[in-house]
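Okay, here's what each chain looks like letter by letter:
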Amino acid sequence: MIQDPVFGTIVGDDGIWEAREPVEFLGRLILLLIDADEKAGPTEHQRQRFREFLEKRDTLKPGLEAAIFQYYQDENEMYRTFLAQDEIGEYLPTLTTPEQIWDLTAPVAIHIPRQSPEDQEDMDCDLAIEWSTSWDVEHGLKTCYRNWEIVAVVMP
């Protein structure tokens, strides 16, 4: 356990640090996870990414809504193959507008992967938001940002 100047009290286990205080996002309190060295803890670059998140979090919803809705539309048929016919309407209803995606998803964690300025070009993601979903209760979903652009919506 360490006291970080930006993340507050964080507890590390196997290179994943979890903040003791949840983060408010989209009206929910969610986990904050930082992938960092077990002994050194988070880097200044990770702290900066989190500060940026705090500044931007109120503006992220429209982009997330569009990206998750598009993923849902694109992958809907594949997920339907895993459900019984009578479960489809409950877990994979037909959505007609992007804002309906919020009825099927909820953020569960902000994840800041290992990163340093020299790794920027090789990183797939410099901040991810993990989601619970009605259609994949076991895995959920992950939206990945790179330089504040959503670069991927994937099953974790």
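Residues numbered from 1 in each chain as written. Predicted model: local features only at pLDDT ≥ 70, side-chain atom pairs only at ≥ 80, totals over all residues. Heavy atoms only, no water.

What follows concerns the overall build of the protein. Within the protein one finds three helices and nine strands. Secondary structure elements of the protein, listed N to C terminal, follow the sequence β-β-β-β-β-α-α-α-β-β-β-β. In terms of overall size, the protein behaves like a compact globule, its C-alpha atoms giving a radius of gyration of 17 Å where 156 residues would be expected to give roughly 15 Å. Overall size of the protein, expressed as C-alpha extent along the three principal axes, is 50 × 30 × 25 Å. Carbon and sulfur atoms provide 48% of the accessible area of the protein, an area that totals close to 8,700 Å². Across the protein, the centroid of the 13 positively charged side chains sits 6 Å from that of the 32 negatively charged ones. (Helix = DSSP H or I, 4+ residues; strand = E, 2+ residues; numbered from the N terminus. Rg over C-alpha atoms; globule rule 2.2 N^0.38 Å. Areas by Shrake-Rupley, 256 points an atom, 1.4 Å probe, with all protein chains shown as cover. Lys, Arg positive; Asp, Glu negative; His and termini not counted. Charge placed at Lys NZ, Arg CZ, Asp CG, Glu CD.)

We now examine unusual backbone geometry. The backbone of N147 sits at a positive phi, close to 55 degrees, despite the residue not being glycine. Mapped onto the elements, N147 comes out in the loop between β8 (141-146) and β9 (149-154). Located in the positive-phi region is W148, a residue other than glycine, with phi close to 65 degrees. On the accessibility criterion, W148 (17% relative accessible area) is buried. (Buried < 20%, exposed > 50% of the residue type's maximum accessible area, 1.4 Å probe, protein only.)

In short, the description is geometric, and any link to function would need to be established separately.
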